[in-house]
Amino acid sequence: MDQQRFILPAAPCNVQDSVLTLTSSLGSCSSLAGNYTVSPAAERLRSILGEDDDPTPTLFTEMDTLQHEGGELEWKESARWVKFEEKVEEGGERWSKPHVSTLSLHSLFELRTCLQTGTILLDLEGYSLPQIVDDIVEKQAQDGLIAPELKEKISFVLLRKHRHQTKKPIHRSLADIGKPSPSTKDPSQCRSMNDISVTPSSDQLKNKFMKKIPRDAEASNVLIGEVDFLDKPFVAFVRLAQATTLGGLTEVPVPTRFLFVLLGPQGKAKSYNEIGRAMATLMVDDLFSDVAYKARDREDLIAGIDEFLDEVIVLPPGEWDPKIRIEPPKKVPSADMRKSVFSLNELGQVNGTAGGGAVDDDEVMPAPHELGEELAFTGRFCGGLWLDIKRKIPWLLSDFYEGFHIQSISAVLFIYLGCITNAITFGGLLGDATDNYQGVMESFLGTALAGTVFCLLGGQPLIILSSTGPILVFEKLLYEFSKTNNIDYLELRLWIGLHSCLQCLILVASDASYIIKYMTRFTEEGFSSLISFIFISDAIKKMVGSFQYYPINMNFKPDYITTYKCECLAADQVAPMVLNSSAQLGQDNLTDYSLYNYTGLDWSQLTKKECLKYGGSLVGKSCKYVPDLALMSFILFFGTYSMTISLKKFKSSRYFPTKCRTLIADFAIIISILVFCGLDYLMSLDTPKLHVPTEIKPTRLDRGWVVMPIGKNPWWMYLASFVPALLVTILIFMDQQISAVIVNRKENKLKKGCGYHLDLFWVGILMAVCSFLGLPWYVAATVISIAHIDSLKMESETSAPGEQPQFLGVREQRLTGILVFVLTGVSIFLAPILQFIPMPVLYGVFLYMGVASLNGIQFWERIKLYLMPAKHQPDFVFLRHVPLRRVHLFTLVQITCLAVLWILKSTVAAIIFPVMILGLMVVRKMLDLVFSQHDLAWLDDILPDKDKKKKEDEKKKKEKKKAKGGDHDSDEELKCPRENPPSVKIPMEPKDQSVHPPSSPDPPYTHPPASKSSLYT
């Protein structure tokens, strides 16, 4: 009973009548029994919202309350809404933090009664506030709601000055420095009691809050107050035909479209304030605002309130603190389902979707796996390629001018450092595998050439080309085969590249990329996770290797520092020292001094290099001392990674203005690199640095820049190379297309379309070109491409206070990719600058790219569930629909496949890596025998040919539920008879017997008269 008194406070009026009326309008009890009867409110809203789909403007709502100060009246701003509520903190002279509005059911019922009995003026032709006020007052007098002698008094009150919360405290925070303070020099705008101003004040025009409001926004004003000359409330709801700027009425110069006025007798200010808050909250509700714009009469507005009440969730008063302000959620659910005409079919259900507890919630299936029309099989020669070209040509110009943004600078520098580090690493490994037929120089030039051409002409310029591990394994095996059989390596490689190019073109012409439709999230996430773990493991391996090259001096003892010395002795002094057991000599200290004859040297003044050069020997315990470069390298490595992670999250921190936080987050990687490069420079330690070739010449001097196709190998080799080329083609196709699918995910909200066929076409052409030039082969790099997209993500600039910036998509353009690869090509001339970058810093960047690419991968989130107790697991949507044991089983299968791929890539068998990617598709096909289509729809994606089976599963489930529900029909009928609509009785006071339900189980129901609220007593 206490909870019921809290939700609907006891009042002199009969609030139960409002509840009974509301229950009748929401629909009959048959909806609760499973027979979804459409309520009158649903029918009315369907007719309103189904007329047109034109979007309505965003509403800025301001609530002003009437204040009595010194015998004078004025309207003072007390709260505002764009999406969430902000209150004026009276003591702190500031706005509160945005929070979710918490309303009592009593205030909503009172508001409903106000709209039922008050004045409703829709599409009023109003151009000034005095004229609008006159129309409202005149309408009330005509309807007999007020006495004629009160017209002048009400008009006088409604036209009082409005004082907005524009004053700033004297002491300003650091975040406000640089922002101009609103002017307070015009007393007529702040404290004057004259009539309201006709034009917006300078404070309104300069208000920085306008940045939080969309440009096409309109205002709704809520005026709440109590006066001594009224004996019953004065209520009016006005919708103007055209939004009009009403001078100083609103805090910001936004045209007003709606006006809600509530004036009442004194003594009930709190009740009036709660009704005003309820009205303001309704006006910023997405669905009710649509209803308010399209309402044709009073009943339409009432239906809108009924729908709002149908979705309300009640919090028991004894289980939470009403004083606590609920923080806005990180992600606000979309109102599209509520706005949809079809979703209004079940508005008769009471809280049908509240808390995810709907009866048929488990039958709801996730959105199907759609890859778009780009992968549709055309059945025509080069049909897919032609469609890709037609799709990309209209965007060609915008692909360049949209790249001119400050965010692009950060993206270019970040990806550039990742590319050159990868080129140097891969080039060094390739040089070791091919005896320098391909080395660092070839890797740099090939990266620059292939990347620039692809970003300039490819179908998806956000993809970054690079060499991969399987290609390196293939090159190593090919070189060993050529060396063993006395075959020219570069000529054989040229013909393999030409055959592979031809095979890629055949795949393009036949629309073979259609097979990508059968690659579900299972395959995509397995592949991308593998590449991410490779990046992470390689970065850690390189750091562990530095501890071997630069071991920590663990034998150093500070107490014996006086005995640590290192001297340079001449050659003729070495022999006696050898006999002295205390001399610290080693093989690295001795030199073939017989080759030298230096007699006039001061050996004690020579450096270490000079001593060894002139045949001297280093003697002493500190001669082997090496600074702790490994520890310093680890600091640079982990510091770069951790600082980048922290600065990337800085965008959502509480410090500094929004633009400053955004700038820091965009340049997080560059800032981290500069900071730790500066630290390395200050420490002046000989840490390993980035070494870039300084001359444009082949790594191996006995080869040229162009490979001749014939002359060194037998003729049959040109034909036999078709077989290894087939393996390379499979590798290229799978690597390229899976990476493209990951880049083109719908989560990235790409708008310019994909180009799978066009991408594969240019990859094949570039294979032939690189083969002629003796350069490495290139394909899409998954991790670097994901990092490229992540660095170009766009967010909304005008987000409501408390609302998280909305992800708008990716800055799709070609400029960043082109600049990255052009810079890679000219890195040879930037060697004097690049030599100051420590390699551990770049390894930290590699680690960040690997970890960042795991974000958003469901597979990774499911792995972490193994370590979480059930009560601490996040509220993932798939956990609501799939048992946890089935989730773990599905994850275990993926982990097993990932382990197999990892073992293969670490051995010579890595050459069959692309075949194993196809094996993932086979494993996914076999999972249809283990998991139901319902479970796979939530954990993965339904295969295209499984749509029929999915429908059969759904049909069986419905029949099973229907049969199960038949056993409870009699119980439902006893609980809620279907013949008569039920009435809901809410006891207001435990001692009041008049509100208790009658003893009859099925009382006849008659529609009650318009209920009277406590405002009218």
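Asker: Before we move on, can you summarise the overall build of the protein chain with the specific residues and values?
Answerer: A tally of helices and strands in the protein chain yields 38 helices and 15 strands. Looking at the protein chain residue by residue over its 1017 residues, the buried ones come to 48%. Excluding contacts between residues fewer than 6 apart, the proportion of contacts in the protein chain whose partners are at least 24 apart in sequence is 79%. Accessible surface, the protein chain as shown: approximately 49,700 Å² in total, 60% of it carbon and sulfur.

Asker: Quick rundown of the packing of helix 16 (residues 440–457) against helix 27 (residues 756–773)? Include the residues and the values.
Answerer: Running from N to C, helix 16 and helix 27 cross one another at 155°; their axes reach a closest spacing of 10 Å. Classified by the angle between their axes, helix 16 and helix 27 sit roughly antiparallel to one another. The handedness of the crossing between helix 16 and helix 27 is right-handed. Residues L449, A450, V453, F454 and L457 of helix 16 form the contact with helix 27, whose own contacting residues are L758, D759, W762, V763, L766, V769 and L773. Considered class by class, the residues forming the contact of helix 16 with helix 27 number 11 nonpolar, no polar and 1 charged.

Asker: I'd like to hear about the pairing of strand 2 (residues 72–81), residue by residue, with values.
Answerer: Side-chain positions along a regular strand alternate between the two faces of the sheet. Burial of strand 2 is extensive: 9 of the 10 residues sit out of reach of the surface. Counted between consecutive antiparallel strands, the loop separating strand 1 (residues 59–69) from strand 2 contains 2 residues, among which G70 sits at a positive phi close to 60°. In this structure, strand 2 lies alongside strand 6 (residues 162–163), joined through 2 bridges in parallel fashion. Its bridge partner being in strand 6, W75 is matched across the sheet by H162. Here 3 bridges tie strand 2 to strand 3 (residues 85–89), and the two strands are oriented antiparallel to one another.

Asker: How would you summarise the nonpolar core if you had to cite specific residues and measurements?
Answerer: Generally speaking, nonpolar side chains in soluble globular proteins are found buried as a group. Ranked by internal contacts, the top residues of the largest apolar core, which has 125 residues, are L690 and M849. Of the residues forming this core, the biggest block, 11 residues, is contributed by helix 26 (residues 722–743). One finds M63, A79, A280 and F288 within the second-largest nonpolar core, a separate group that totals 36 residues.

Asker: So what about the pattern of salt bridges? Which residues, and what values?
Answerer: As a working rule, side chains carrying opposite charge can pair if their charged atoms are close by. Counted under the stated rule, the structure contains 24 salt bridges. A salt bridge links E86 to R80; its shortest N-O distance comes to 3.1 Å. The partner of R80 in a salt bridge is E251, and the shortest N-O contact between them spans 2.7 Å. Here the residue R80 occupies a position in strand 2, and E251 occupies one in the loop between strand 8 (234–244) and strand 9 (256–265), the gap between them amounting to 171 residues. The exposure class assigned to R80 is buried, which follows from its relative accessible area of 5%.

Asker: Outline the side chain of T119, supporting the account with residue identities and numerical values.
Answerer: For T119, the location among the structural elements is in strand 5 (residues 119–124). Polar contacts involving the side chain of T119 include one to the side chain of Q140, which spans 2.9 Å. Setting aside chain neighbours within four positions, we find T119 in contact with K139, Q140, D143, L145, V235, A236 and F237.

Asker: Can you lay out empty space enclosed by the protein for me, pointing to particular residues and giving the numbers?
Answerer: Here the structure, examined in full by the defined rule, presents 3 cavities of 30 Å³ or more. In this structure, the largest cavity encloses a volume near 60 Å³. If you trace the largest cavity, you find it lined by C419, N422, A423, F426, S443, T447, L465, S466, S467, Y778 and I784. Taken together, the elements giving at least two residues each to the lining of the largest cavity come down to helix 15 (406–433), helix 16 and strand 10 (465–466). For the lining of the largest cavity, the element with the most residues is helix 15, which contributes 4 residues. Its residues placed into classes, the lining of the largest cavity shows 6 nonpolar, 5 polar and no charged.

Asker: For the packing of helix 4 (residues 105–117) against helix 11 (residues 298–311), give the residues involved together with the corresponding values.
Answerer: Where helix 4 contacts helix 11, the axes come no closer than 9 Å and their chain directions differ by 170°. Relative to helix 11, helix 4 is oriented roughly antiparallel. Here L105, L108, F109, L111, R112, L115, Q116 and T117 of helix 4 come into contact with helix 11, specifically with R298, I302, I305, D306, F308 and L309. Considering only residue class, the contact of helix 4 with helix 11 consists of 9 nonpolar, 2 polar and 3 charged.

Asker: Help me get a handle on the state of the cysteines, residues and values and all.
Answerer: In protein chemistry, a disulfide is the covalent bond that joins the sulfur atoms of two cysteines. As enumerated under the stated definition, the model contains 1 disulfide in all. Between the sulfur atoms of C568 and its disulfide mate C611 the distance is 2.0 Å. Here the disulfide of C568 and C611 is right-handed, its torsion about the S-S bond being about 95°. With C568 in strand 11 (residues 567–569) and C611 in helix 21 (residues 608–613), the pair connects residues that are 43 residues apart, well separated along the chain. As far as the burial class goes, C568 and C611 line up, both buried.

Asker: Got a sec to walk through the packing of aromatic side chains? Specific residues and values, please.
Answerer: Note on aromatic pairs: each is described by the distance of the centres and the angle between the planes. Taken as a whole and assessed by the stated rule, the structure comprises 14 aromatic pairs. Where Y479 meets Y489, the ring centres are 5.3 Å apart and the plane angle is 85°; that geometry is what we call edge-to-face. In this pair, Y479 sits in helix 17 (residues 469–484) while Y489 sits in helix 18 (residues 489–509), placing the two residues 10 residues apart along the sequence. Each of the two residues, Y479 as well as Y489, counts as buried. Ring centres of F890 and F931 lie 5.6 Å apart, and the angle between their planes is 80°; this geometry places the pair in the edge-to-face category. Taken together, the positions of F890 in helix 34 (residues 884–905) and F931 in the loop between helix 35 (913–926) and helix 36 (933–939) put the pair 41 residues apart, joining distant regions of the chain. The class for F931 is buried, based on a relative accessible area of 2%.

So, how was this worked out
- Numbering of residues starts from 1 in every chain and runs along the sequence as written.
- Restriction of local features to residues with pLDDT of at least 70 applies here, the model being predicted, together with a cutoff of 80 or more for giving and counting side-chain atom pairs; totals for whole chains, interfaces and linings are based on all residues.
- Hydrogens and waters are ignored; side-chain quantities use all the structure's heavy atoms.
- Only runs of H or I of at least four residues qualify as helices and only runs of E of at least two qualify as strands under DSSP, and these elements are numbered from the N terminus.
- Note on classification: 1.4 Å probe, protein chains only; a residue is buried when its accessible area is under 20% of the maximum for its type, exposed when over 50%, partly exposed between these limits.
- Contacts between residues were defined by any pair of non-hydrogen atoms, one from each residue, lying within 4.5 Å.
- Note on areas: these come from Shrake-Rupley sampling with a 1.4 Å probe, and a residue is covered only by the protein chains present in the view.
- Lines fitted to C-alpha atoms define the axes here, with helix axes fitted over just the stretch in contact, and angles between the N-to-C directions of these axes take values from 0 to 180 degrees.
- For classification purposes, an angle smaller than 35 degrees is called roughly parallel, one larger than 145 roughly antiparallel, one from 65 to 115 roughly perpendicular, and anything else oblique.
- Handedness of each helix crossing follows the sense of rotation of the near helix against the far helix: counterclockwise by less than a right angle gives left-handed, clockwise gives right-handed.
- Under the scheme applied here, ten amino acids are nonpolar (Ala, Val, Leu, Ile, Met, Phe, Trp, Tyr, Cys and Pro), four are charged (Asp, Glu, Lys and Arg), and all others, including Gly, are polar.
- Two strands qualify as a pair provided DSSP detects at least 2 bridges between them.
- Put simply, a nonpolar core is a bunch of buried Ala, Val, Leu, Ile, Met, Phe, Trp, Tyr and Cys residues held in one set by side-chain atoms that sit within 4.5 Å of each other.
- The salt bridge criterion pairs a side-chain nitrogen of Lys or Arg with a carboxyl oxygen of Asp or Glu, the two atoms within 4 Å.
- Between N or O atoms, a polar contact is any pair within 3.5 Å; within protein, one atom must be a potential hydrogen donor and the other a potential acceptor, and residues adjacent in sequence are included only when both atoms are from side chains.
- For cavity detection a 1 Å grid was placed over the protein atoms alone, and a set of points counts as a cavity when a 1.4 Å probe fits there but cannot get out; an open set counts as a pocket when protein lies on both sides within 12 Å along at least five of seven lines, with lining residues being those that have an atom within 4 Å of a point.
- Grid points are joined across faces, edges and corners, and a volume is the space filled by probe spheres set on the points.
- Working definition: a disulfide is two cysteine sulfur atoms within 2.5 Å of each other.
- Each pair of aromatic rings taken from Phe, Tyr and Trp, with Trp reduced to its six-membered ring, is defined by centres within 6.5 Å and is described as stacked if the planes are under 30 degrees apart, edge-to-face if over 60, and tilted in the remaining cases.

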